[in-house]
Amino acid sequence: MTRSALGILLALALWEAAGRGLAEAYVLAPPSAIALWLWQNAGLMARALGETLWNAALGYVIGNGAAVALAGLALAWARSEAMIRGLALLVFCLPLVATGPILRVVFGPGDGPQVALAALAVYYTTLIPLLVGLRAVPEAWLDLVRSYGRGPLQALIRVRARAALPYLVAGLQIAAPAAFLGAMVGEFTGAERGMGVLTLRAMRAMDVEMTWALATVATAIAMLGYLAVGALAARALSEAPSVMLAAPPARRGGGPWTVLLVAAAAMLIWAGGLRLLGLSSFFAKGPLDVAQALTTSSDAAANRAALGEALLETAVFLLPGYAAGLAAGAGLAMLIVLVPAASGAVIPVAVALRSVPIITTAPLVVLLLGRGALGTVTLVAIMVFFPTLIACLHGLRQAPGRILDVMESYAAGPLQQLIRVRIPAMLPAFFAAARMNVPASVLAVTVVEWLATGQGIGSVMALSASLSDYDLLWSAVAVTALLSVLGYGAVGLLERRVLRVYAPEQLA
Amino acid sequence: MSVPVTLHALAKTYPGGVEAVRPLDMEFAAGRTTALVGPSGCGKSTVLRLIAGLEVPSGGSAAIDGAPPSETTRRGDLALAFQDPSLLPWRTVRQNIELVLGLAGRPLRRREIDDLIRLVGLEGFGDTRPAALSGGMRQRAAIARALATAPRLLLLDEPFGAVDALTRQQLAQDLPALWEARNTTTLLVTHSVAEAVTLSDRVIVFSPRPAHVVADIAIDLPRPRAPGLERNPVCAALMDEVVAALSSGMAETRPRAAQ
């Protein structure tokens, strides 16, 4: 305890020194300056924070409520599960940044978009563990309920609900900072008040102290939310809530029919939703409009060219960042296992930082590394790094102790154990993290492009939103979501091949 | 060739204060098979783990051939088989065996591996992964793996628990023959009194935790031992003796419990 307190003090001192030393560079604000800014602008901060927190809380309740309802539906009607998973994934892959302006025109001014984005940011990470948890019940327990002549309802009440609780809690915990992130992204896209609005203002004004102060507060709030839900859960549950790293793979990968069915349902919901809401066709574009904008309309070629060029630009940032984040996360995890002394220092920090929505610090990365490729690639890499590190560490420790004993009885050293046992045992966690990080990295890259770099698909979304080119905006959202889903699916396919060898029980 | 094992005041107390093994002085003769029996949780398995160097004693020492266990493990001369087979799930039976041969720096001879797989009755399953095997088959694969390096010291912790009765009888014939041919020092932890008496040259009976020795019984039955030995009157008498020692050990720990 005292050691970590000392560590924090030391970090603060270093930060202070660096901030003072780099005062002319205009990138880094020392803690004292941040504290001073916060003190002088306490009223402004409090109002903005209150606004964002309220939106985040509403979104948290709505998103998690929807997740529980959907999981219940999937359990009650097993055939709907593939459809629910498919649609949920599609929505999860929507680029939040561009969804914001669309929601803005749907809801008009007010809090609607922020709340909706907060809800969108949380439902998936709650739904997927919950679906797993409701089924992660030993068959013998269900047989027990059946052997006393009780039906599925009793099984749900007495066995499944309780067994799923740790999974639900794990989802709720990850959701707390994610809701804050969603609300902030919603505010980036044209709200009147809130932390996101202040962040935009600080960036435009190049106000280093304000940018750092906002990022610090956002980070602290996100961590507090994560820790608070964790503490509540620890009090309510006798067993420690399981560490939920990433969604396990779908039990049965959707066959081609499922994919077609999900695609058809998505189109129907999209088109039908617009009709039901009675939105003006000027800004509410349906699937047919998007198809026309990309194929038959007079500016189809221009639209395609704009999207293609932007996507290429984005890929140049996204793919190296994604790969670097995965490699760094897995590499550091292995290093920690080889040098256990390091773990005491690294793991608490990593667990804490994993909970931070890295996007809230995007302005900092831009300040530090500029608006060029380096800043964007770094941000994507950081976004991917922390979840990968935590997942890989957990995976490396999954290696059964008995097997390690056998290795030890042949005098196999730590490196041998790492290569032969721990890394293969880590692969399932690594691939799960890689899969879940596809939409996360797309979110990261589009946010930076939207906010800062003026390149790539995120910038196309920003431009088309401000120019009211809704054909292009909806097309960009649709294409990005589709590519995210494809990337997610591709990693998922690779994952299944790996799991078939390294963790066949997970596919059962 | 074969190695004796010596325990000098070997003791293990866990950080929480749980005393798993009381200081234990004992000598296991080279090339002999010794069975350790005792109630569940009495610390027998801890003794094996201490001898294998998997745990650090809190007092005393275990020596294999007069040297610390690490000397033997480094040469690949020690092997373990647990009740939990602990096979690597991503390797086939053959690959699991090849792994330890590689670790111990022994050559991979396909014929020898095939012979081992046949010995434990897994013929035709060499290229199968553990997930596709039954519990008993996995245990047999783990036994084959333990035998693969021709270890000088073999530590077996309830390795026959899930093996079916017929295969167990076959193994009870084949394994001692192999140990004898190789002059392997074998320590066998078991719950089965019959297994202890029919397989070994000596049975050590432990009391409930913290373990101390209740009885040390020499099994002077001729080898090779025939099937159905349990019905031999000499053997039956030895089994009775072990059971009596077990119950006296149990009685010791709760002398005034009866009301």
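Residues numbered from 1 in each chain as written. Chains lettered and ligands numbered in written order. Predicted model: local features only at pLDDT ≥ 70, side-chain atom pairs only at ≥ 80, totals over all residues.

Going by the annotation in an unreviewed UniProt entry, the name recorded for chain B is NitT/TauT family transport system ATP-binding protein, with Jannaschia seohaensis given as the source organism. Per UniProt, the comment on chain B under Sequence similarities (unreviewed entry) is "Belongs to the ABC transporter superfamily." (UniProt positions renumbered as here; feature names shortened; annotations may be inferred.)

With an unreviewed UniProt entry as reference, chain A is termed ABC-type nitrate/sulfonate/bicarbonate transport system permease component, source organism Jannaschia seohaensis. In its Subcellular location (unreviewed entry) section, the UniProt entry covering chain A states "Cell membrane". Quoted verbatim from the Sequence similarities (unreviewed entry) field of the UniProt record, the comment on chain A reads "Belongs to the binding-protein-dependent transport system permease family."

*Asks:* How do you make sense of the overall build of chain B when you look at a structure like this?
*Replies:* Within chain B one finds 8 helices and 9 strands. Radius of gyration (C-alpha) of chain B: 18 Å, near the 18 Å computed for a compact globule of 259 residues. Projected onto its principal axes, the C-alpha positions of chain B cover 60 × 45 × 35 Å. The 259 residues of chain B split such that 44% are buried. A sequence separation of at least 24 residues applies to 72% of the contacts in chain B between residues at least 6 apart. (Helix = DSSP H or I, 4+ residues; strand = E, 2+ residues; numbered from the N terminus. Rg over C-alpha atoms; globule rule 2.2 N^0.38 Å. Buried ≥ 20, exposed ≤ 12 C-beta atoms within 10 Å, placed from the backbone. Contact = placed C-beta atoms within 7 Å.)

*Asks:* Is there a simple way to think about the packing of helix H10 (residues 208–236) of chain A against helix H15 (residues 362–369) of chain A in this case?
*Replies:* The description of two helices packed together rests on the angle between their axes and the distance between the axes. All names here are of chain A. At a minimum axis distance of 9 Å, the contact between H10 and H15 shows a crossing angle of 140°. Classified by the angle between their axes, H10 and H15 sit oblique to one another. Of the two possible hands of crossing, H10 and H15 adopt the one that is left-handed. Residue-level contacts link Val208, Thr211, Trp212 and Ala215 of H10 to Pro363, Leu364 and Leu367 of H15. (Axes fitted to C-alpha atoms, helices over the stretch in contact; angles between N-to-C directions. Parallel < 35°, antiparallel > 145°, perpendicular 65-115°, else oblique. Left-handed = near helix turned anticlockwise from the far one by under 90°.)

*Asks:* When you look at the interface of chain B and chain A in this model, what are you seeing that I'm missing?
*Replies:* Reports often express the size of an interface as the amount of accessible area lost when the parts come together. Contact residues are listed per partner, giving 20 residues for chain B and 19 residues for chain A. Of all the secondary-structure elements, those providing two or more residues to the side of chain B that touches chain A are helix H2 (69–74), strand E5 (78–81) and helix H3 (93–103) of chain B. Of the residues that constitute the side of chain B that touches chain A, the class distribution is 14 nonpolar, 4 polar and 2 charged. (Nonpolar A, V, L, I, M, F, W, Y, C, P; charged D, E, K, R; others polar.)

*Asks:* Please clarify how unusual backbone geometry should be interpreted in this entry.
*Replies:* Most of the time, phi is negative for any residue but glycine, and the peptide bond is trans. Here the amide bond leading from Arg223 of chain B into Pro224 of chain B is cis, since omega sits at -5°, within 30 degrees of zero. Its location among the elements puts Pro224 of chain B in the loop between strand E9 (213–218) and helix H8 (233–253). In the Ramachandran plot, Ser468 of chain A falls in the positive-phi region, its phi being about 55° despite a non-glycine side chain. For Ser468 of chain A, the location among the structural elements is in the loop between helix H19 (456–466) and helix H20 (470–502). A count of 13 C-beta atoms within 10 Å places Ser468 of chain A in the partly exposed class. Even without being a glycine, Ala150 of chain B presents a positive backbone phi close to 50°. Tracing the backbone shows Ala150 of chain B in the loop between helix H5 (135–148) and strand E6 (153–157).

*Asks:* How do you make sense of the confidence of the model for chain B when you look at a structure like this?
*Replies:* Segments scoring low in pLDDT should not have their predicted coordinates read at a detailed level. In this model, chain B carries an average pLDDT of 88, and 97% of its residues clear a pLDDT of 70 or more. Scoring the predicted complex yields pTM 0.76 and, for the interface, ipTM 0.71. (pLDDT = per-residue confidence, 0-100.)

*Asks:* What is the right way to read the UniProt feature "domain: ABC transporter" (unreviewed entry) in chain B from this model?
*Replies:* Look at the UniProt record and you will see "domain: ABC transporter" (unreviewed entry) annotated at residues 5–233 of chain B. Helix and strand shares over residues 5–233 of chain B are 33% and 24% respectively, and the end C-alpha atoms of the span are 31 Å apart.

*Asks:* What am I meant to see in the domain arrangement of chain A here?
*Replies:* Residue and element names in this part refer to chain A. Per the domain assignment, the segments of chain A are domain 1 (23–244) and domain 2 (252–508). The interface of domain 1 with domain 2 comprises 39 residues on the first partner and 39 residues on the second. Of all the secondary-structure elements, those providing two or more residues to the side of domain 1 that touches domain 2 are helix H4 (80–92), helix H5 (96–107), helix H8 (152–188), helix H9 (195–204) and H10. Tallying contributions element by element places H10 first for the side of domain 1 that touches domain 2, with 9 residues. Residues of the side of domain 1 that touches domain 2, tallied by class, amount to 34 nonpolar, 5 polar and no charged. (Domains from an automatic or database assignment.)

*Asks:* Please explain the confidence of the model for chain A as it appears in this structure.
*Replies:* On average, chain A scores 80 in pLDDT, and the residues at 70 or more come to 88%. Note that pLDDT drops below 50 for residues 241–247 of chain A; the model gives that stretch 30 contacts with residues more than four away or on any other chain.

*Asks:* Whenever I open this one, the pairing of strand E1 (residues 5–13) of chain B confuses me. Can you help?
*Replies:* Where a strand is regular, its side chains alternate between the two sheet faces. All names here are of chain B. One ladder, built from 6 bridges, connects E1 with strand E2 (residues 19–28); its direction is antiparallel. Bridging from a neighbouring strand, Thr13 pairs with Glu19 of E2. Linkage of E1 to E2, two consecutive antiparallel strands, is achieved through a turn of 5 residues, within which Gly17 is found at a positive phi near 100°. Pairing between E1 and strand E4 (residues 59–64): 5 bridges, direction antiparallel. The residue of E4 that forms the bridge with Thr6 is Ala63. (Pairing = 2+ DSSP bridges.)

*Asks:* Even after reading the chapter, I still don't get the nonpolar core, so can you show me in this structure?
*Replies:* The nonpolar side chains of soluble globular proteins are, as a tendency, buried together. In terms of nonpolar packing, the biggest core is built from 219 residues, with Ala179 and Val380 of chain A together with Val242 of chain B touching the most fellow members. The element best represented in this core is helix H18 (residues 414–453) of chain A, accounting for 22 residues. Each of domain 1 (23–244) and domain 2 (252–508) of chain A gives at least three residues to this core. (Core = buried A, V, L, I, M, F, W, Y, C linked by C-beta atoms within 7 Å.)

*Asks:* Even after reading the chapter, I still don't get the environment of Val122 of chain A, so can you show me in this structure?
*Replies:* Residues and elements named next belong to chain A. As for its placement among the helices and strands, Val122 is situated in helix H6 (residues 112–135). The buried category is assigned to Val122, around which 30 C-beta atoms lie within 10 Å. For the pair Val122 and Leu389, spaced 267 residues apart in sequence, the C-alpha separation works out to 21 Å. For Val122, the contacting residues outside a window of four places in its chain are Gly59, Tyr60, Gly63, Asn64, Ala175, Ala178, Ala179 and Gly182.

*Asks:* Looking at this structure, how should I read the environment of Leu73 of chain A?
*Replies:* All names here are of chain A. Position of Leu73 relative to the elements: it lies in helix H3 (residues 42–76). A tally of 13 C-beta atoms within 10 Å means that Leu73 is categorised as partly exposed. It is 27 Å that separates the C-alpha atoms of Leu73 and Glu495, two residues lying 422 residues apart in sequence. Residues within four places of Leu73 in sequence aside, it is in contact with Ser80 and Ile84.

*Asks:* Sorry, what's going on with the sheet that holds E1 of chain B here?
*Replies:* Either a parallel or an antiparallel arrangement is found when strands of a sheet pair, and the pairing is made through backbone hydrogen bonds. Residues and elements named next belong to chain B. The 3 strands lie next to each other as E2-E1-E4, forming an open sheet whose pairing is antiparallel. With partners counted over all chains shown, the strands left at the sheet margins are E2 and E4, one partner each. Within this sheet the neighbouring strands show an average axis-to-axis angle of 20°, counted without direction. Packed on one face of the sheet, helix H1 (residues 44–51) meets E1, E2 and E4 and runs near 120° to E1.

*Asks:* What should I look at first to understand the pairing of E5 of chain B in this one?
*Replies:* Residue and element names in this part refer to chain B. Across the two faces of E5 the burial is the same, with Leu78 and Leu80 and Ala79 and Ala81 all buried. Two elements, E5 and E6, share 4 bridges in a ladder whose sense is parallel. Counted as the bridge partner of Leu78 is Leu153 from E6.

*Asks:* Help me understand H4 of chain A in this model?
*Replies:* Residues and elements named next belong to chain A. The end-to-end C-alpha distance of H4, which contains 13 residues, comes to 18 Å, matching closely the 18 Å that a straight helix rising 1.5 Å per residue would cover. Buried within H4 are the following residues: Ala82, Arg85, Gly86, Ala88, Leu89, Leu90 and Phe92. Of the surrounding secondary structure, the elements contacted by the buried residues of H4 are H3, H6, helix H11 (256–277), H18 and H20. (Expected span 1.5 Å × (residues − 1).)

*Asks:* I'm lost on the sheet that holds strand E3 (residues 33–37) of chain B in this one. Help?
*Replies:* Residue and element names in this part refer to chain B. Strands sit in the order E5-E6-E7-E3-E8-E9 across an open sheet of 6 strands; the sheet is mixed. Since the sheet does not close on itself, it has two edges, and those belong to E5 and E9, each with one partner. Strand-to-strand, the axes of this sheet are offset by a mean angle of 15°, without reference to chain direction. Direction of pairing for E3 relative to strand E8 (residues 202–206): parallel, over a ladder of 4 bridges.

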